[in-house]
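Structure at a glance
If you want the building blocks of each chain, they are given just below.
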Amino acid sequence: MLTYALTDVGRHRAVNQDAAFCSGQSVGRLPNLFIVADGMGGHRGGDYASSFAVRRMTEILGQEKEPENPSPALLLKYAVNQVNAELFREASVNQEYSGMGTTMVACTIDQDRITVANVGDSRLYVCGSGLNQITRDHSLVEEMVQEGTLEKGSTGYLKNKNIITRAVGVEERVDVDIFYARLDQGQRILMCSDGLTNMVEDSQIERILKEENDIRMAAERLVSQANVNGGQDNIAVILIDPEYRPIS
């Protein structure tokens, strides 16, 4: 397995509120762990929320405590719920962090099976013959698209696409979506914050991933393209090549 993570402040933000964790090695009872978090709630609040969420997520999963005999999905969901409760308490007692929260997309890979936990609008894609978004955004416009009251890509969609309907730490409890996907030969995984997807169309993301064999170069090109296209937000990217085997 070959992995690479990259975050960038973008062209218009003073503080990087995106955080990422990338480990191809085991974390607790998980064979590997990858996380992208995009904080919100002012400069200090957003930065604190995302970094706290990533740090505590890895600590909780590394403790190998409850629940007993868990599936990867149960472990991820348990950890996100614990992080949510802790972050919500912190925001409740510390006025400086009032209203903070963070998106979170986390995954683990066991052979050809991906298990993904998601809250918010950070995304996980699988790229092979095409680019397939596995997660579903918790955003106002995506909910309206699902209801049939808004057309994807319309003026109203583009104007309101940054309004998310679910985040970690904002309320006492959070609903965590779990997704599963099977990996076929030659497929790669992309995880990212909306600083990438709001600036770079899926078709352009797919083209870059297919043109670059080196995942580090691919990640750097994705971030660079987001900045060329405006760089309105922080950018986080994780790329995973599950089939990579180093030459002995």
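Right, let's walk through the structure included here. (Residues numbered from 1 in each chain as written. Predicted model: local features only at pLDDT ≥ 70, side-chain atom pairs only at ≥ 80, totals over all residues. Heavy atoms only, no water.)

**Here we look at the overall build of the protein chain**
Secondary structure summary: the protein chain contains seven helices and 10 strands in total. Looking at the protein chain as a whole, 50% of its 248 residues are labelled buried. Of the contacts made within the protein chain by residues no fewer than 6 positions apart, 69% connect residues no fewer than 24 positions apart. For the protein chain, the accessible surface area stands at approximately 11900 Å², while carbon and sulfur atoms represent 43% of it. (Helix = DSSP H or I, 4+ residues; strand = E, 2+ residues; numbered from the N terminus. Buried < 20%, exposed > 50% of the residue type's maximum accessible area, 1.4 Å probe, protein only. Contact = heavy atoms within 4.5 Å. Areas by Shrake-Rupley, 256 points an atom, 1.4 Å probe, with all protein chains shown as cover.)

**Quick notes on the pattern of salt bridges**
Under the defined criterion, the tally for this structure stands at 13 salt bridges. With a closest N to O distance of 3.3 Å, Arg13 and Asp233 form a salt bridge. Taken as a pair, Arg13 in the loop between strand E1 (2-8) and strand E2 (18-23) and Asp233 in the loop between helix H7 (215-228) and strand E10 (235-241) lie far apart in primary sequence, 220 residues in all. Since its relative accessible area comes to 39%, Arg13 is described here as partly exposed. Among the ionic pairs, Glu59 bridges to Arg56, the shortest N-O distance being 2.7 Å. With Glu59 and Arg56 both in helix H1 (residues 42-62) and three residues apart, this pair spans about one turn of that helix. Residue classification places Glu59 among the partly exposed residues on the basis of a relative accessible area of 32%. Beyond isolated ion pairs, a larger network of salt bridges with shared partners links Arg55, Arg56, Glu59 and Glu86. (Salt bridge = Lys/Arg side-chain N within 4 Å of Asp/Glu carboxyl O.)

**A short note on unusual backbone geometry**
You will see that Gln111, though not glycine, has its phi angle at about 55 degrees, which is positive. Relative to the helices and strands, Gln111 is located in the loop between strand E4 (101-110) and strand E5 (113-119).

**Observations regarding the packing of aromatic side chains**
On inspection of all chains with the given rule, the structure shows two aromatic pairs. Residues Tyr48 and Phe52 carry aromatic rings whose centres are separated by 5.6 Å and whose planes lie at 25 degrees to one another, so their mutual orientation is stacked. Taken as a pair, Tyr48 and Phe52 lie in helix H1 at a separation of four residues, close to a single helical turn. By relative accessible area, Tyr48 is classed as partly exposed at 21%. Given the relative accessible area of 9%, Phe52 is considered buried. (Phe/Tyr/Trp six-rings, centres within 6.5 Å; stacked < 30°, edge-to-face > 60°.)

**Brief notes about the sheet that holds E2**
The strand order across the open sheet built from five strands is E2-E3-E4-E5-E8, with neighbouring strands paired in antiparallel fashion. The open sheet terminates on both sides in strands that have one partner only, identified here as E2 and strand E8 (177-182). In this sheet, adjacent strand axes meet at a mean angle of 10 degrees when their direction is disregarded. One ladder, built from seven bridges, connects E4 with E5; its direction is antiparallel. Paired with Met104 across the strands is Val119, a residue of E5. (Pairing = 2+ DSSP bridges. Axes fitted to C-alpha atoms, helices over the stretch in contact; angles between N-to-C directions.)

**Quick notes on the environment of Gln111**
With relative accessibility at 73%, the residue Gln111 sits in the exposed group. With 80 residues separating them in the primary sequence, Gln111 and Pro31 have C-alpha atoms 9.5 Å apart.

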